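# Structural characterization, general
For reference, the chains in residue letters:
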Amino acid sequence: KNEVGLFFQNLDAFGFRYKFGGDICKLRITGLSLSFGKAESSDNAVEKERKTAGFGLNIGLECPVKIDDRFSFFYGGEIQGSYNSIKRDGDYNIYIEPKKSKKTYGVGLGVVLGFSYAVNPKISVSAEIVPNFMFVRDEIDDIESTRYNLGITNNGAGITIGYKF
């Protein structure tokens, strides 16, 4: 069975999820938070304009373990990728040295753990956490840096409303 759904994470990120495969494991593809923004300020503001963009893409396996007819536990793993960008423009003086641009790239591995409830044969609701390890590269103006994130918190908790077909 295939499934398509809306994925929500932390009330500030959302995306679309597509699952396909057999009863033992399914391949899952999640496109997260495709966002673009532009803000303009008044003529007397220091920062005149700010442009933002960001998205994420996760691909992995999900293996369900049936608890009863409607309720199941699932586990798996996924490869995660993300990109975010901020560009600023304005009238700056010698006392204000702003960061004019920032780009962040991330690649990581996550462990998927969650529960799913079948509302009816076509509609399901699931909740999950995905503890992860991320390698992140930042480019701020002309300076590059790298860092590692270990995400073992409930900040990555997500809810998916899915439709099976």
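Residues numbered from 1 in each chain as written. Predicted model: local features only at pLDDT ≥ 70, side-chain atom pairs only at ≥ 80, totals over all residues. Heavy atoms only, no water.

Helix and strand content of the chain: zero helices and ten strands. Helices and strands appear in the chain in the N-to-C order β-β-β-β-β-β-β-β-β-β. Relative to its full complement of 165 residues, the chain shows a buried share of 29%. Sequence-distant contacts in the chain: of pairs separated by 6 or more residues, those separated by 24 or more amount to 56%. (Helix = DSSP H or I, 4+ residues; strand = E, 2+ residues; numbered from the N terminus. Buried < 20%, exposed > 50% of the residue type's maximum accessible area, 1.4 Å probe, protein only. Contact = heavy atoms within 4.5 Å.)

This next bit is on the state of the cysteines. Applying the stated criterion across every chain yields a total of one disulfide. Between the sulfur of cysteine 25 and that of cysteine 63 lies a disulfide, 1.9 Å long from S to S. Measuring the twist about the S-S bond at about 95°, one finds the cysteine 25-cysteine 63 disulfide to be right-handed. On the criterion of sequence distance, the pair formed by cysteine 25 in the loop between strand S2 (13-21) and strand S3 (26-40) and cysteine 63 in strand S4 (residues 47-66) is long-range, its members being 38 residues apart. (Disulfide = S-S within 2.5 Å.)

Take the side chain of threonine 30 next. Counting through the fold element by element, threonine 30 comes out in strand S3. For threonine 30, a relative accessible area of 1% gives the class buried. In terms of polar contacts, threonine 30 uses its side chain to reach the side chain of arginine 17, at 2.7 Å. With near-sequence residues (within four places) excluded, threonine 30 lies in contact with Phe7, Phe16, Arg17, Gly56, Leu57 and Asn58. (Polar contact = N/O pair within 3.5 Å; in protein donor to acceptor, adjacent residues only side chain to side chain.)

Here we come to the side chain of lysine 26. Mapped onto the elements, lysine 26 comes out in strand S3. For the buried lysine 26, no salt bridge exists, and the shortest N-O distance to an oppositely charged side chain is 5.0 Å, to aspartate 23. (Lys, Arg positive; Asp, Glu negative; His and termini not counted. Salt bridge = Lys/Arg side-chain N within 4 Å of Asp/Glu carboxyl O.)

Right, let's talk about the pattern of salt bridges for a bit. With the rule as written, the count across this model stands at ten salt bridges. Across the pair glutamate 144 and arginine 137 runs a salt bridge, and its minimum N-O distance is 2.7 Å. Given the relative accessible area of 54%, glutamate 144 is considered exposed. Arginine 137 sits in the partly exposed class, given a relative accessible area of 30%. Linked by salt bridges that have partners in common, Glu3, Arg17, Lys19, Arg28, Glu62, Glu78 and Glu128 make up one network.

This next bit is on the pairing of strand S1 (residues 3-9). Burial along S1 is one-sided: Glu3, Gly5, Phe7 and Gln9 are buried, and none of Val4, Leu6 and Phe8, which face the opposite way, are. Across seven bridges, the pairing between S1 and S2 is antiparallel. The residue of S2 that forms the bridge with valine 4 is tyrosine 18. Sheet analysis places S1 next to strand S10 (residues 158-164), joined by seven bridges and oriented antiparallel. Across the sheet, the residue bridging to glutamate 3 is lysine 164, located in S10. (Pairing = 2+ DSSP bridges.)

Bear in mind that shape data such as this cannot, by itself, settle questions of function.
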